[in-house]
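A look at the structure
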Amino acid sequence: MMDKEITLRTILGEDITFMPQGSGLIETAGGKRYYLKTGAVSQAYRCEAHGLREMGKAAGVNVPQVIGFGKDFILTEYIPAGSPCPGFFTALGRMVASLHRVRGERFGFYEDNFIGANPQSNIPEGSVDWAEFYYRHRISFQVRLARRNGYNREFTDARTNKLRDNVYSMLSGVTEPPALLHGDLWADNFLCSTTGTPYLIDPAVYYGHREADIAMTMLFGGFPTEFYTAYDNELPLEKGWRDRIPVYQLYHVLNHLNLFGGGYLRQALSIIDSL
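Now for a quick tour of the structure. (Residues numbered from 1 in each chain as written. Predicted model: local features only at pLDDT ≥ 70, side-chain atom pairs only at ≥ 80, totals over all residues. Heavy atoms only, no water.)

**Quick word on the environment of F260**
- Residue placement: F260 occurs in helix α8 (residues 245-260).
- On the basis of relative accessibility, which here comes to 58%, the residue F260 falls in the exposed class.
- For F260 and L275, which are 15 residues apart along the polypeptide, the C-alpha to C-alpha distance reads 24 Å. (Helix = DSSP H or I, 4+ residues; strand = E, 2+ residues; numbered from the N terminus. Buried < 20%, exposed > 50% of the residue type's maximum accessible area, 1.4 Å probe, protein only.)

**Let's talk about empty space enclosed by the protein**
- Evaluation of the coordinates by the stated rule reveals one cavity of 30 Å³ or more.
- Every residue lining the largest cavity is listed: Y134, L181, G183, Y206, A212, D213, Y248, Y251 and H252.
- Sorting the residues of the lining of the largest cavity by element identifies α6 (211-217) and α8 as the ones contributing at least two each.
- In terms of residues, the lining of the largest cavity owes the most to one element, α8, which gives three residues.
- Here the residues of the lining of the largest cavity are counted per class, giving six nonpolar, two polar and one charged. (1 Å grid on protein atoms, 1.4 Å probe; cavity = no way out; pocket = protein on both sides within 12 Å on 5 of 7 lines; lining within 4 Å. Points joined across faces, edges and corners; volume = space filled by probe spheres on them. Nonpolar A, V, L, I, M, F, W, Y, C, P; charged D, E, K, R; others polar.)

**Topic: the packing of aromatic side chains**
- The full count for this structure, using the stated rule, is 19 aromatic pairs.
- Consider the rings of F88 and F89, whose centres lie 5.0 Å apart with planes at 85°: the pair is edge-to-face.
- With relative accessibility at 1%, the residue F88 sits in the buried group.
- In this structure F89 comes out as buried when scored by relative accessible area, which is 16%.
- Here F88 and F190 contribute two aromatic rings whose centre-to-centre distance is 5.8 Å and whose plane-to-plane angle is 40°, an arrangement assigned as tilted. Here F190 lies in strand β9 (residues 190-192) and F88 lies in helix α3 (residues 88-100), a separation of 102 residues in the sequence.
- Taken together, the ring pairs connect F88, F89, F190, F223, F227 and Y228 into an aromatic cluster.
- Here the basic side chain of R138 rests over the ring of Y206, its NZ or CZ set 4.1 Å away from the ring centre. (Phe/Tyr/Trp six-rings, centres within 6.5 Å; stacked < 30°, edge-to-face > 60°. Lys NZ or Arg CZ within 6 Å of the ring centre and 35° of its normal.)

Given below as structure tokens:
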């Protein structure tokens, strides 16, 4: 802890009067407050900092300012949390649309990063279309990880070959250019400030099809209707997007299987077999 405190004091340029044992609020001698997220040594903190900074470049998108990061921490601006008030999810929908207006030259990102604690592959070999990127760097990546985690009997060659064909078939008609995605957009990865302002946090950033972000919002209970109405008013999705929701949600269900175990196996296989 002392080494980390020395590093943080150097970053902040003043003494720290309150330091949490783990993640939490930091207070300085000058009365400033920051948020410290810390844990085991990982490249995830660097990647999170890069993701927040990438999203922060987008006009109209609020993220906590990154103050600094190290091998086992990221230090950001402290955003006092409030409760969503009327109009909050409308503002959040508009803000996600603003994020998705940022376009990239190719699918992926300049570095691999993380989706939860699992690695996320972002760097394709050469120029690829969306269907190829999504299958190779999202679905196939997680299937290989599931096999390494002992699910060989469930993820047979026959099942995964059929899955590959179905993913390519479903996504081959998607023509939009790469958009900047949060990458892990569910209810725990935004916050509401005390003034009712939405902020995006804990990203797994990459450039992809924006349907993937919207599908993720619907996976664990969904967001209120106002969010989707506001988003659609700002940036309508391509025709047929609802039909593609399962293939985007599959990535996150597979990731949860690989993170948390067999409780997600039935859901993953049900999606695969229904495509």
